[in-house]
Amino acid sequence: MNEVTGATTEQLEVMLGAVSKEVNKVNKEVEKVNYILVGVVLVLFIGFVTLLFSLAAIIVDAWKNRPSNYDELNSTISNMKIKLDSYQKSEDRLNFLYTKYPGLKKE
C-alpha cells in the first residue's frame, strides 16, 4: 500500500496503464497537428516564393519594355497603315480605270 495515495501496487499499475494510454492518444493527436502545421507552412512558403517570382517577372518585363520600344512599334504600325491605304487607293484607281476602259483589264 502506498503511503501518499493509499492505493495498492496493483491499483497504481492500473492507473499508470490508463494514464499512459491517454498520453499515447494525446501524442498521436499532437503528431497529427504537427503534420498539418508542417503542410500549412509548406504551402505558405511555396506561395510566397511564387509571389516573389511573379514580382520579379513583372519588374523584368517593365524594364525590358521601355517606352522607346512602344514608340517604335507604334510607328511601324502607322507605316503599315499608310502603305495599306496607299495600296487600297491604287486598287480603287485601277478598278475605276477598268470600268472606264474595259479593254485594259487582263484576263
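Quick note: structure is the one above.
Below: a short report on this structure.

What counts and how
Position numbers for residues count from 1 along each chain, tracking the sequence in the order it is written. Thresholds applied to this predicted model are a pLDDT of at least 70 for local features of residues and 80 or more for the giving and counting of side-chain atom pairs; totals over whole chains, interfaces and linings are not thresholded and use all residues. The basis for the side-chain values is all heavy atoms of the structure; hydrogens and waters are excluded. Only runs of H or I of at least four residues qualify as helices and only runs of E of at least two qualify as strands under DSSP, and these elements are numbered from the N terminus. Our radius of gyration is a C-alpha quantity, and the globule rule it is checked against amounts to 2.2 Å times the number of residues to the power 0.38. Each residue is assigned to one of three classes by its accessible area relative to the maximum for its type, calculated with a 1.4 Å probe on protein chains only: buried under 20%, partly exposed between the two thresholds, exposed over 50%. Residue burial considers only the protein chains on display, and all accessible areas are found by Shrake-Rupley using a 1.4 Å probe. None of His or the chain ends enter the tally, which takes Lys and Arg as positive and Asp and Glu as negative. By convention, the charge on Lys lies at NZ, on Arg at CZ, on Asp at CG and on Glu at CD. When a carboxyl oxygen of Asp or Glu lies within 4 Å of a side-chain nitrogen of Lys or Arg, that pair is called a salt bridge. Put simply, a patch holds well-exposed residues, over 30% relative accessible area, that have no salt bridge, with like charges counted together within 9 Å and Val, Leu, Ile, Met, Phe, Trp or Tyr side chains within 5 Å.

**A word on the overall build of the protein chain**
Check the secondary structure of the protein chain and you find two helices and zero strands. Computed over C-alpha atoms, the radius of gyration of the protein chain comes to 42 Å, more than 25% over the 13 Å expected from 2.2 N^0.38 for 107 residues, which places it beyond the range of a compact globule. When burial is assessed residue by residue, the protein chain has 1% of its 107 residues classed as buried. Accessible surface, the protein chain as shown: approximately 10300 Å² in total, 66% of it carbon and sulfur. Treating the 13 positive side-chain charges of the protein chain as one cloud and the 13 negative ones as another, the clouds have centres 20 Å apart.

**A short note on the pattern of salt bridges**
Overall, the coordinates contain two salt bridges when judged by the stated rule. Ionic pairing is found between K25 and E22, a salt bridge with its closest N-O pair at 3.8 Å. One end of the pair, K25, and the other, E22, are both in helix α1 (residues 9-64), three residues apart, so they sit about a helical turn from each other. Across the pair K32 and E29 runs a salt bridge whose closest N-O atoms are separated by 3.8 Å. With a gap of three residues between them, K32 and E29 both fall in helix α1, about one helical turn apart. Overall, K32 belongs to the partly exposed group, its relative accessible area being 49%.

**What about a nonpolar patch on the surface?**
There is a patch of nonpolar side chains on the surface, built from L94, F96, L97, Y101 and L104 and spanning about 480 Å² of accessible area. Residue position: L104 is located in the segment after α2 (67-100).

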